[in-house]
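# Understanding the architecture of this molecule
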Amino acid sequence: MIDVDPQKLHAYGLSPENVVLALSTGNSIQPAGNADIGTTNALVTTDSTVTQISDLLGIPLHSGSGASVYLRDVGNVRDASDVLAGYALLNGKRPSTFP
């Protein structure tokens, strides 16, 4: 779970989309190429997933001219999950219990 402070994000000129894009590129497994070993052609991947939840704080959200901005500058991470709000319908209505 990532808790982002909207005011800090705005102060750096970033949006929630910047956070999502940075996480999807900075914490993923990417194909890197093929390795021909004898008669075997294996796909080689680059595993850049974090090993500790706190490592997510070091993912850069913005780099280049000026100071780099990292996830730790705009928010926190924790080992948790979101509250699920889904429900089922029975004959078009929310049932109190299922038979």
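So, a few notes on the structure that sits alongside this text. (Residues numbered from 1 in each chain as written. Predicted model: local features only at pLDDT ≥ 70, side-chain atom pairs only at ≥ 80, totals over all residues. Heavy atoms only, no water.)

### Points about the overall build of the chain
Assigned secondary structure in the chain consists of 3 helices and 6 strands. Reading the helices (α) and strands (β) of the chain from amino to carboxyl end gives β-α-α-β-β-β-β-α-β. The globule rule puts the C-alpha radius of gyration for 99 residues at 13 Å, and the 21 Å found for the chain is more than 25% above it. By principal-axis analysis of the C-alpha atoms, the chain measures approximately 60 × 50 × 25 Å. The 99 residues of the chain split such that 14% are buried. (Helix = DSSP H or I, 4+ residues; strand = E, 2+ residues; numbered from the N terminus. Rg over C-alpha atoms; globule rule 2.2 N^0.38 Å. Buried < 20%, exposed > 50% of the residue type's maximum accessible area, 1.4 Å probe, protein only.)

### Quick word on the nonpolar core
Within the largest apolar cluster, 12 residues are counted, these being Leu9, Leu14, Val19, Ala22, Leu23, Leu56, Ile59, Leu61, Val69, Leu71, Val74 and Val77. Every element with two or more residues in this core is listed here: helix 2 (16–26) and helix 3 (71–74). When residues of this core are assigned to their parent elements, the largest contribution, 3 residues, is made by helix 2. If near-sequence neighbours (up to four positions away) are discounted, leucine 14 is found in contact with Leu9, Leu61, His62 and Val69. (Core = buried A, V, L, I, M, F, W, Y, C linked by side-chain atoms within 4.5 Å. Contact = heavy atoms within 4.5 Å.)

### Quick word on the pairing of strand 2 (residues 29–37)
When a strand is regular, its side chains alternate between the sheet's two faces. For strand 2, the buried fraction is low: 0 of the 9 residues fall into the buried class. Following strand 2, the chain reverses through 2 residues before pairing antiparallel with strand 3 (residues 40–47); glycine 38 in that reversal takes a positive phi of roughly 65 degrees. (Pairing = 2+ DSSP bridges.)

### Considering the pairing of strand 3
Pairing between strand 2 and strand 3: 8 bridges, direction antiparallel. If you follow aspartate 36 over to strand 3, its bridge partner there is asparagine 41.

### Some thoughts on the environment of alanine 11
Among the secondary structure elements, alanine 11 is positioned in helix 1 (residues 6–11). Through-space distance from the C-alpha of alanine 11 to that of valine 74 is 9.2 Å; in sequence the pair is 63 residues apart.

### With respect to the pattern of salt bridges
Here the structure, examined in full by the defined rule, presents 1 salt bridge. One salt bridge connects arginine 78 with aspartate 3, and the closest N-O pair in it is separated by 2.7 Å. Taken together, the residues arginine 78 in the segment after strand 6 (75–77) and aspartate 3 in strand 1 (residues 2–4) connect sequence positions 75 residues apart. (Salt bridge = Lys/Arg side-chain N within 4 Å of Asp/Glu carboxyl O.)

### Quick notes on the packing of aromatic side chains
With the rule as written, the count across this model stands at 0 aromatic pairs. Arginine 72 extends its terminal NZ or CZ atom over the ring of tyrosine 70, reaching a point 4.3 Å from the ring centre. (Phe/Tyr/Trp six-rings, centres within 6.5 Å; stacked < 30°, edge-to-face > 60°. Lys NZ or Arg CZ within 6 Å of the ring centre and 35° of its normal.)

### Quick look at the environment of aspartate 55
Tracing the sequence through the fold places aspartate 55 in the loop between strand 3 and strand 4 (60–62). Judged by relative accessible area, which is 37%, aspartate 55 ranks as partly exposed. Between the alpha carbons of aspartate 55 and alanine 11 there is a distance of 23 Å; along the sequence they are 44 residues apart.

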